Amino acid sequence: MAAKKLNIKDKYRLLTRDLDWEYSYQDRQAAFPYEEFEGIKITDWSKWEDPFRLTMDAYWKYQAEKEKKLYAIFDAFAQNNGHLNVSDPRYVNAIKLFLSAVTPLEYQAYQGFAHTGRQFGGVGARIACQMQSIDELRHVQTQIHAMSHFNKFFDGFQDFSHMHDRVWYLSVPKSFFNDARAAGPFEFMIAIGFSFEYVLTNLLFVPFMSGAAHNGDMATVTFGFSAQSDEARHMTLGLEIIKFLLEQHEDNVPIVQKWIDKWFWRGARLLSVVSMMMDYMLPNKVMSWKEAWEVYFEEAGGALFKDLARYGIRMPKYADVIEKEKEHLSHQTWWTFYTHGQATGFHTWIPSDEELDWLSEKYPETFDKYYRPRWELAKEMEAKGERFYTKALPQLCTICQVPMLFTDMDNPTQTVYRSSQYEGERYHFCSDGCKDIFDDEPEKYVQSWLPVHQIFQGNCGGPDLTGVLGEFYKMNLGADNLDMKGSPDEQRWNQWKGKA
Amino acid sequence: MSKVYIALQDNDESRYIVEAIEEDNPDVTVIHMPAMIRVENNGRLVVRRESVEEKMGRAWDVQELHLNLITLGGNVEEDDDELSLHWNE
């Protein structure tokens with residue numbers, strides 16, 4: 001007689017909960033040493049539920065299917081010389097940024113979930129973290145593989161992991177994950193599992209990836225969507241863990257709220273790079289950063305916080321500032337990269353006239369008033385052969401490590417500077433949000449590795465910028481950097497298209 | 001009432017899944033974007049195994065949804081017969 005097929009709930013119970021065991025001769029607290037040091041109180045881990053009830057056998061089955069579909073598309077993209085079918089070679093610079101700034105975060109997420117999962121006393125959460133850890137490793141591999149095709153034909157892809165650990169703007173994403181991984185397991189889950197996965201990955205992997213499809217890059221859109229289907233599980237893990245913490249003990253509520261405030265602010269800062277990818281780096285545009293922000297942060301995040309209100313959780317602190325920033329973020333960020341275009345591992349450019357008009361249309365309140373005049377000036381200077389590159393090194397925020405480029409959002413001509421004193425030293429911040437994070441844990445952030453400080457201290461090659469960029473960052477100067485116009489990338493593209 | 005949503009890769013299987021969702025949730029809004037289909041609804045949305053099977057003309061496991069899923073928003077409940085999304089307000 002054939003065995004009766006188990007339903008999904010029974011199968012999940014047998015393949016997860018029954019894997020746990022009682023500690024009869026070892027001290028349970030010694031086995032999970034980090035579980036209590038953040039002050040979080042867990043009374044009953046069995047209350048933690050994975051709504052997807054994914055077990056290892058189903059996980060391997062469906063992940064294998066996803067991989068087969070994904071690699072079929074990578075093969076087709078390579079065989080079809082997919083790089084020739086992208087909308088414009090400018091697009092590829094968004095992929096350079098993705099490879100150097102985002103892909104290494106997947107590796108950090110893999111390490112973080114492997115470690116954090118180990119620290120949880122509850123078996124359901126441990127298994128969900130284990131699967132997420134494997135997912136993140138898959139994401140690193142598929143992203144590097146998908147983008148390796150471009151490395152054969154375009155500059156700037158050659159040393160992304162070396163660059164990730166050194167290059168000034170890549171310290172922004174790197175420090176975000178370093179901060180999360182240097183925290184306790186529950187803060188890591190709120191930082192990455194909840195704040196980053198639930199609200200922020202959607203902004204990276206949904207509208208931007210839809211944009212990749214719109215620009216002819218089938219390899220990227222497919223790894224993006226394949227990764228994000230795992231993120232749907234990760235978001236569910238993040239949401240479950242926060243509800244679990246809030247339901248376990250009322251003392252957890254203020255701790256969780258503080259982490260939400262911190263990590264939404266840090267996340268909003270991290271995403272400034274995605275804002276310019278959407279508005280400036282996609283030649284065929286799908287939606288503006290502002291529109292994407294409204295759908296995935298204000299609408300989706302707003303729904304989430306309404307749902308959590310019954311636990312006494314409110315919207316993240318400075319959500320009002322974040323709301324104003326959607327009008328400015330992409331313009332201020334791309335302008336900073338444009339003016340530092342001699343020190344970036346990708347090309348920058350002035351938006352075309354059609355693109356300037358599109359930005360005016362999408363940002364009627366701010367673009368013509370504050371940002372179009374800068375681009376008109378840049379166009380004039382470029383026409384005279386005076387393409388502008390700033391000679392100065394930017395001052396960096398000690399927390400988010402973004403150069404001090406953000407303005408007061410009520411007065412976009414005034415750059416924001418905040419500072420705090422700690423043990424006789426002064427530390428600088430781009431915002432009240434970053435200053436609050438420092439003031440709460442100064443002993444952590446005085447250890448920040450700030451690229452500009454390190455350059456000035458002589459720790460990054462040198463003594464001149466060529467030494468830093470060429471020897472320490474391993475950029476190929478004159479090929480990886482400077483303006484798109486006149487670059488080897490552009491010249492090769494024109495040859496392929498018969499325009500040279 | 002907040003919106004729940006689900007986004008699927010724009011392919012042949014998703015076409016059937018979206019048809020099934022529309023049939024079981026008559027008020028949904030379906031938005032087509034490059035390479036993806038986003039379906040949203042006020043408060044609640046359900047994907048039923050039987051309806052998808054009828055559209056596809058074959059057996060379909062609710063967990064197969066992961067093959068075409070991009071993202072979702074809302075509290076998830078899943079069993080052998082359906083996956084549903086909802087917000088508690």
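Residues numbered from 1 in each chain as written. Chains lettered and ligands numbered in written order. Predicted model: local features only at pLDDT ≥ 70, side-chain atom pairs only at ≥ 80, totals over all residues. Heavy atoms only, no water.

As recorded in an unreviewed UniProt entry, chain B goes by the name MmoB/DmpM family protein, listed as coming from Photobacterium atrarenae. As recorded by UniProt, the Sequence similarities (unreviewed entry) comment attached to chain B reads in full: "Belongs to the TmoD/XamoD family." (UniProt positions renumbered as here; feature names shortened; annotations may be inferred.)

If you check an unreviewed UniProt entry, chain A appears there as Aromatic/alkene/methane monooxygenase hydroxylase/oxygenase subunit alpha from Photobacterium atrarenae.

(A) Highlighting the overall build of chain A. When helices and strands are tallied, chain A shows 22 helices and four strands. The principal-axis extents of the C-alpha atoms in chain A amount to approximately 80 × 65 × 45 Å. In chain A, which comprises 500 residues, the proportion classed as buried is 60%. Relative to all contacts within chain A whose residues are 6 or more apart in sequence, the contacts with residues 24 or more apart total 79%. For chain A, the computed accessible surface area is about 19,800 Å², with 51% contributed by carbon and sulfur atoms. Charge-centre separation for chain A: the mean point of 54 positive side chains lies 3 Å from the mean point of 70 negative side chains. (Helix = DSSP H or I, 4+ residues; strand = E, 2+ residues; numbered from the N terminus. Buried < 20%, exposed > 50% of the residue type's maximum accessible area, 1.4 Å probe, protein only. Contact = heavy atoms within 4.5 Å. Areas by Shrake-Rupley, 256 points an atom, 1.4 Å probe, with all protein chains shown as cover. Lys, Arg positive; Asp, Glu negative; His and termini not counted. Charge placed at Lys NZ, Arg CZ, Asp CG, Glu CD.)

(B) Representation of the interface of chain A and chain B. Taken residue by residue, the interface counts 40 residues in chain A and 32 residues in chain B. At the boundary of chain A with chain B, total buried surface from both sides reaches about 3,100 Å², with 57% on carbon and sulfur atoms. Seen at the junction of chain A and chain B, the total is two salt bridges. Glu299(A) is the salt-bridge partner of Lys3(B), the closest N and O atoms lying 3.5 Å from each other. There are 13 residue pairs in polar contact (both at pLDDT 80 or more) connecting chain A and chain B. When contributions to the side of chain A that touches chain B are tallied by element, the ones reaching two or more residues are α1 (8–15), α3 (56–79), α8 (185–205), α9 (207–214), α10 (218–248) and α13 (289–308) of chain A. In terms of residue class, the side of chain A that touches chain B is made up of 21 nonpolar, eight polar and 11 charged. (Buried area = accessible area lost by both parts, 1.4 Å probe. Salt bridge = Lys/Arg side-chain N within 4 Å of Asp/Glu carboxyl O. Polar contact = N/O pair within 3.5 Å; in protein donor to acceptor, adjacent residues only side chain to side chain. Nonpolar A, V, L, I, M, F, W, Y, C, P; charged D, E, K, R; others polar.)

(C) Up close: the sheet that holds strand β1 (residues 3–9) of chain B. Taking strand neighbours across the sheet as the criterion, the four strands line up as β2-β3-β1-β5 (chain B) in an open arrangement whose pairing is antiparallel. Edge positions in the open sheet fall to β2 (29–33) and β5 (69–73) of chain B, since each of these has one partner strand only. Averaged over all pairs of adjacent strands, the angle between strand axes in this sheet comes to 15 degrees, irrespective of strand direction. Sitting on the sheet, α10(A) is in contact with β1, β3 (36–42) and β5 of chain B, with an inclination near 30 degrees to β5(B). (Pairing = 2+ DSSP bridges. Axes fitted to C-alpha atoms, helices over the stretch in contact; angles between N-to-C directions.)

(D) Spatial organisation of the side chain of Glu38(A). Residue and element names in this part refer to chain A. Mapped onto the elements, glutamate 38 comes out in the loop between α2 (28–31) and α3. One buried charge, glutamate 38, has no salt-bridge partner; the nearest side chain with opposite charge is lysine 444, at 8.9 Å. Setting aside residues up to four positions removed in sequence, glutamate 38 forms contacts with Gly184, Pro185, Phe186, Glu187, Ile255 and Trp259.

(E) Seen up close, the pattern of salt bridges. All names here are of chain A. Tallied over the entire structure, the rule returns 56 salt bridges over all chains. Taking the shortest distance from any N to any O, the salt bridge between lysine 444 and aspartate 179 comes out at 2.8 Å. Of the two residues, lysine 444 is situated in helix α19 (residues 442–445) and aspartate 179 in helix α7 (residues 171–181); the sequence distance between them amounts to 265 residues. Under the relative-accessibility criterion, aspartate 179 is labelled buried at 4%.

(F) The arrangement of the packing of aromatic side chains in detail. Residue and element names in this part refer to chain A. Applying the stated criterion across every chain yields a total of 47 aromatic pairs over all chains. Centroid distance phenylalanine 98 to phenylalanine 223: 5.6 Å. Interplanar angle 65 degrees. Geometry classified as edge-to-face. Taken together, the residues span a long stretch of sequence, with phenylalanine 98 in helix α4 (residues 89–119) and phenylalanine 223 in helix α10 at a distance of 125 residues. Comparing phenylalanine 98 with phenylalanine 223, the two get one shared label, buried. Aromatic pair phenylalanine 150 and phenylalanine 157: ring centres 6.3 Å apart, planes at 15 degrees, arrangement stacked. Assessed through its relative accessible area of 0%, phenylalanine 150 is described here as buried. Following the ring pairs from residue to residue traces out a cluster consisting of Phe77, Phe150, Phe153, Phe154, Phe157, Trp493 and Trp496. Here the basic side chain of arginine 387 rests over the ring of tyrosine 338, its NZ or CZ set 3.6 Å away from the ring centre. (Phe/Tyr/Trp six-rings, centres within 6.5 Å; stacked < 30°, edge-to-face > 60°. Lys NZ or Arg CZ within 6 Å of the ring centre and 35° of its normal.)

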